[in-house]
Number of protein chains: 2
Amino acid sequence: MSTTLIGVLGGMGPLATVDLLHKIVEETPASRDQDHVPVVVWNVPQVPDRQQALAGTGESPLPMLLHAVRQLNRLSVSHIVVPCNTAHHWFDALAETSDAPLVHMADATLHALTHAAEIKASPRKIGLIATHGTLNAGWYQQRFATRLCAETVVPDEQEMATLFVPGCYAVKRGELSLGGQLLDRLAAQLVARGAESLVLACTEVPPALHAVASRWRTISIDPTRALAQACVRLWQQR
Amino acid sequence: MSTTLIGVLGGMGPLATVDLLHKIVEETPASRDQDHVPVVVWNVPQVPDRQQALAGTGESPLPMLLHAVRQLNRLSVSHIVVPCNTAHHWFDALAETSDAPLVHMADATLHALTHAAEIKASPRKIGLIATHGTLNAGWYQQRFATRLCAETVVPDEQEMATLFVPGCYAVKRGELSLGGQLLDRLAAQLVARGAESLVLACTEVPPALHAVASRWRTISIDPTRALAQACVRLWQQR
């Protein structure tokens, strides 16, 4: 048996985890079951709300995330990925407690941005669609600036309140079409402000834009797919 | 934290596992992440081929399936489900070794058959679309006979050779429309022989019938969805 065994710390939300697993299968060159990436998934959605915790209005998800990391390590996973951008606020604390190394979504995204044939070779402006927590953390903006010399275009407060937040929670309720309409409008506004490519750094966004067949998908990088590609690379390099 | 934690012994194939997880999310009445079913998934596709093992031409998958059951039990799962009809050949051996009870797909399907509003209340004849392995095992036929006093209508050898097998392989090649046409014809023939409802006990069949908008979907039960519904019931009854 190979020593590569990807651990997925999921459940935030459960659909984003299903989406990552689906993309891992899609991204794997395979002609039979046995060619596919071995994955163990902790898909337990009872983690306290990450956005509320960061806003100071809810309990910390860290204890449950640490528990999940310990459980995945008990199964001797070789790497851990977390298909939730906002949960990366606790990335360092989780990485510290884990025997298996964690793969950061923003690093996987940077790799995808620099390797995607469809994306303009060196975008000077990259639109970033993400939660307040992810935007404030600066993981993506810092990497775009230092590694790509690119400026990041982010939603303003009004766009967050009227398009991003209601769009995101519509997806969580299962209303993909409504969520897609709101998030498609947000994408259009970032493009209007000069974004040449878009990074959809909230796992609810890609399925929503897919549901409404958004035209902006052609210039978008989906960090969930980027993370799936990183998992496939780890499996291929075994 | 709840004591319900569903363990999924998956990877056979990995896409069927993703399909089950997606259907668990779809079948759960939820308004936020935390309402969803907690699931741990062993999605390791390096299990030896089940069909070849049954045909006597490949090694047994049992040792790897037993390992998976032990690993899921180490995480204190409350129940285990196996989203692969053919793997149910080893169901008894797995159930014997597991602390957590296993839920049989055919039992979940029986529940769905007796509770689906669209299905005739007491079908006397049920059409079964499945692989040779599943048909020969008799899990579905026995339950239909003893629990529903219903007769099972199965494809004959010519229908297997000209409709089921090529239909399935067309789906595996991504030719859903061709596969759907063949499987829709098979469904029609079972209905012509008296089937009042259909059980689509092979994971290729529901997407194929969906692709051609088959009229027979209204009288059909999808065992993967039935298994997802069983997981949701276990979570709701916690």
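All values reported here derive from a predicted model rather than from experimental measurement.

A. Seen up close, the packing of helix H5 (residues 105–115) of chain A against helix H7 (residues 139–148) of chain A. Residues and elements named next belong to chain A. For the pair H5 and H7, interaxial distance at closest approach is 10 Å and the crossing angle is 40°. Classified by the angle their axes make, H5 and H7 are oblique. Between H5 and H7 lies a crossing of right-handed hand. Of H7, the residues touching H5 (which contributes Met105, Ala106, Asp107, Thr109, Leu110, Leu113 and Thr114) are Trp139, Tyr140, Arg143, Phe144, Arg147 and Leu148. In terms of residue class, the contact of H5 with H7 is made up of 8 nonpolar, 2 polar and 3 charged.

B. Fine view of the relation of the copies chain A and chain B. In the superposition of chain A on chain B (RMSD 1.2 Å, axial shift 1.3 Å), the rotation amounts to 178°. Between the two chains, the operation in question is that of a two-fold axis. Considering only C-alpha atoms, the part of chain A nearest the rotation axis is Val41(A), at 2.4 Å. Here 92% of the interface residues in chain A have copies in chain B that are interface residues too; the copies meet face to matching face.

C. Examining the packing of aromatic side chains more closely. Residues and elements named next belong to chain A. Considering all chains together, one arrives at 2 aromatic pairs over all chains under this definition. Measuring from centroid to centroid gives 6.0 Å for tyrosine 140 and phenylalanine 144, while their planes differ by 50°, and the two rings are tilted. Remark: phenylalanine 144 and tyrosine 140 occur in helix H7; sequence separation between them is 4 residues, near one turn of the helix. Here the basic side chain of arginine 238 rests over the ring of tryptophan 235, its NZ or CZ set 3.6 Å away from the ring centre.

D. Molecular detail of the sheet that holds strand S8 (residues 220–221) of chain B. All names here are of chain B. With respect to topology, 4 strands assemble into an open sheet ordered S6-S5-S7-S8, the strand pairing being parallel. The open sheet is flanked by strand S6 (151–153) and S8, the only strands paired with a single partner. In terms of strand pairing, strand S5 (residues 125–129) meets S6 through 3 bridges, oriented parallel. In the strand pairing of S6, isoleucine 126 is matched with threonine 152. Contacts between helix H9 (residues 176–192) and the sheet are confined to S5, S6 and strand S7 (197–200), with S5 contributing the most and set at about 155° to the helix.

E. Molecular detail of the domain arrangement of chain A. Residues and elements named next belong to chain A. As assigned here, chain A comprises domain 1 (6–104 + 225–237) and domain 2 (106–222). Its C-alpha centre places domain 1 at a distance of 20 Å from the equivalent point of domain 2. Listed per partner, the contact involves 23 residues of domain 1 and 24 residues of domain 2. Here domain 1 meets domain 2 over a buried area of about 1,700 Å², counting both sides, of which 49% is carbon and sulfur. Area buried by domain 1 at its contact with domain 2 is led by Gln51, Asn85 and His104, which between them contribute 39% of it. If you look at where domain 1 meets domain 2, you find 1 salt bridge.

F. Here's a closer look at the environment of Leu186(B). All names here are of chain B. Following the sequence through the fold, leucine 186 ends up in helix H9. In this structure, the C-alpha to C-alpha distance between leucine 186 and asparagine 85, residues 101 residues apart in sequence, is 20 Å. Setting aside chain neighbours within four positions, we find leucine 186 in contact with Ile129, Pro155, Glu159, Leu163 and Phe164.

G. Broad picture of the pattern of salt bridges. Across all of its chains, the model carries 22 salt bridges over all chains by this definition. The residue Arg225(A) makes a salt bridge to Glu27(A) at a minimum N-O spacing of 2.7 Å. Of the two residues, Arg225(A) sits in helix H11 (residues 223–236) while Glu27(A) sits in helix H1 (residues 14–27), which places them 198 residues apart along the sequence. A residue is classified by how much of its surface remains accessible, and Glu27(A), at 25% relative accessible area, is partly exposed. Residues joined by salt bridges that share partners form a network here, namely Arg50(A), Lys172(A), Glu204(A) and Asp33(B).

Definitions and limits used
- Residues numbered from 1 in each chain as written.
- Chains lettered and ligands numbered in written order.
- Predicted model: local features only at pLDDT ≥ 70, side-chain atom pairs only at ≥ 80, totals over all residues.
- Heavy atoms only, no water.
- Axes fitted to C-alpha atoms, helices over the stretch in contact; angles between N-to-C directions.
- Helix = DSSP H or I, 4+ residues; strand = E, 2+ residues; numbered from the N terminus.
- Parallel < 35°, antiparallel > 145°, perpendicular 65-115°, else oblique.
- Left-handed = near helix turned anticlockwise from the far one by under 90°.
- Contact = heavy atoms within 4.5 Å.
- Nonpolar A, V, L, I, M, F, W, Y, C, P; charged D, E, K, R; others polar.
- Least-squares fit on C-alpha atoms with pLDDT ≥ 70 in both.
- Phe/Tyr/Trp six-rings, centres within 6.5 Å; stacked < 30°, edge-to-face > 60°.
- Lys NZ or Arg CZ within 6 Å of the ring centre and 35° of its normal.
- Pairing = 2+ DSSP bridges.
- Domains from an automatic or database assignment.
- Buried area = accessible area lost by both parts, 1.4 Å probe.
- Salt bridge = Lys/Arg side-chain N within 4 Å of Asp/Glu carboxyl O.
- Buried < 20%, exposed > 50% of the residue type's maximum accessible area, 1.4 Å probe, protein only.

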